[in-house]
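Below are the chains, spelled out letter by letter.
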Amino acid sequence: MANDSTTLNTTQSIAVSALRAQQARMRIIAENLANANSTSKTPGGNPYRRQAPVFQATPVAGGGTGVKMVRAVPDQSPFNSAYDPKSPSADATGYVKTPNVDPLIEAMDMRDAQRAYEANLNVIETSRAMATRTLDLLKP
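These figures come from a predicted structure and were not determined experimentally.

(A) Region of the structure containing the overall build of the protein chain. Of the regular secondary structure elements, the protein chain holds two helices and four strands. The helix and strand sequence of the protein chain, counted from the amino end, reads α-β-β-β-β-α. Its C-alpha radius of gyration of 22 Å places the protein chain more than 25% over the 14 Å reference for a compact globule of 140 residues. Taken over the C-alpha atoms alone, the protein chain extends approximately 80 × 20 × 20 Å along its principal axes. Long-range contacts, defined here as pairs at least 24 residues apart, represent 58% of the contacts in the protein chain between residues at least 6 apart. Total accessible area on the protein chain is roughly 9,000 Å²; 55% of this is exposed by carbon and sulfur atoms. Charged side chains in the protein chain number 15 positive and 12 negative. The centres of these two groups are separated by 5 Å.

What follows is the structure, encoded as structure tokens:
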């Protein structure tokens, strides 16, 4: 059976893996938001396609299972379009394809990632406090 020190270290390793995964998720969301209004450089071409993070369970120090973002995959939902015949990106009918990025969805995803990040920070802080309190109790 693992001792308490190993358990605390494993707990922290799991939380740190989740912090890194959420940080990577926030970078993908920021990239999506930054490209939400981009268009193709060629008439009728495709604009930026929203990216979605893919997470995978991964072993961490101490024998636990954490998480990591392994890649970002293109969201295959259809592009939006807007009528703008004067745009250099417009097709022959005057429509411009716009990214399949919904800023409201991205904002909600960002808030969710921030909350998950904060929750994992709390896990780390709580486990450190528990370890400190345990050491204080062991002092003569």
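(B) Region of the structure containing the side chain of Thr 10. Counting through the fold element by element, Thr 10 comes out in helix α1 (residues 4–34). Take Thr 10: its relative accessible area is 11%, and that puts it in the buried class. A polar contact of 3.3 Å, which involves the side chain of Thr 10, links it to the backbone oxygen of Gly 62. Ignoring any residue separated from it by four or fewer positions in sequence, one finds Thr 10 in contact with Val 60, Ala 61, Gly 62 and Gly 64.

(C) Examining the packing of aromatic side chains more closely. Across all of its chains, the model carries one aromatic pair by this definition. Geometrically, the ring pair formed by Tyr 83 and Tyr 95 is edge-to-face, given 5.2 Å between the ring centres and 65 degrees between the ring planes. Highlighted residues: Tyr 83 in strand β3 (residues 80–83) and Tyr 95 in strand β4 (residues 95–98), separated in sequence by 12 residues.

(D) The arrangement of the pairing of strand β2 (residues 65–74) in detail. Sheet topology note: the strand β1 (residues 51–59)/β2 ladder contains nine bridges and is antiparallel. Note that in β2 the partner of Pro 59 across the bridge is Thr 65. Hairpin remark: β1 followed by β2, antiparallel, with five residues in the connecting loop; positive phi at Gly 62, about 95 degrees.

(E) Seen up close, the environment of Asp 75. You can see Asp 75 is positioned in the loop between β2 and β3. Ignoring any residue separated from it by four or fewer positions in sequence, one finds Asp 75 in contact with Arg 49, Arg 50 and Asn 100. A distance of 2.9 Å separates a polar atom in the side chain of Asp 75 from the backbone nitrogen of Ser 77.

(F) How the structure looks around the side chain of Ser 17. By the secondary structure assignment, Ser 17 is in helix α1. What makes Ser 17 buried here is its relative accessible area of 8%. The contact partners of Ser 17, leaving out residues within four places of it in the chain, are Val 60, Gly 66 and Val 67.

(G) Summary view of the pattern of salt bridges. Enumeration over the complete set of coordinates arrives at five salt bridges. Taking the shortest distance from any N to any O, the salt bridge between Asp 112 and Arg 25 comes out at 2.9 Å. Linking Asp 112 in helix α2 (residues 103–138) with Arg 25 in helix α1, this pair joins segments that are 87 residues apart in sequence. Residue class for Asp 112 comes out partly exposed when judged on its relative accessible area of 42%. Of the residues examined, Arg 25 reaches a relative accessible area of 12% and is grouped as buried. In this structure, Glu 106 and Arg 50 form a salt bridge, with 2.4 Å as the shortest nitrogen-oxygen distance.

What counts, and at which threshold
Residues numbered from 1 in each chain as written. Predicted model: local features only at pLDDT ≥ 70, side-chain atom pairs only at ≥ 80, totals over all residues. Heavy atoms only, no water. Helix = DSSP H or I, 4+ residues; strand = E, 2+ residues; numbered from the N terminus. Rg over C-alpha atoms; globule rule 2.2 N^0.38 Å. Contact = heavy atoms within 4.5 Å. Areas by Shrake-Rupley, 256 points an atom, 1.4 Å probe, with all protein chains shown as cover. Lys, Arg positive; Asp, Glu negative; His and termini not counted. Charge placed at Lys NZ, Arg CZ, Asp CG, Glu CD. Buried < 20%, exposed > 50% of the residue type's maximum accessible area, 1.4 Å probe, protein only. Polar contact = N/O pair within 3.5 Å; in protein donor to acceptor, adjacent residues only side chain to side chain. Phe/Tyr/Trp six-rings, centres within 6.5 Å; stacked < 30°, edge-to-face > 60°. Pairing = 2+ DSSP bridges. Salt bridge = Lys/Arg side-chain N within 4 Å of Asp/Glu carboxyl O.

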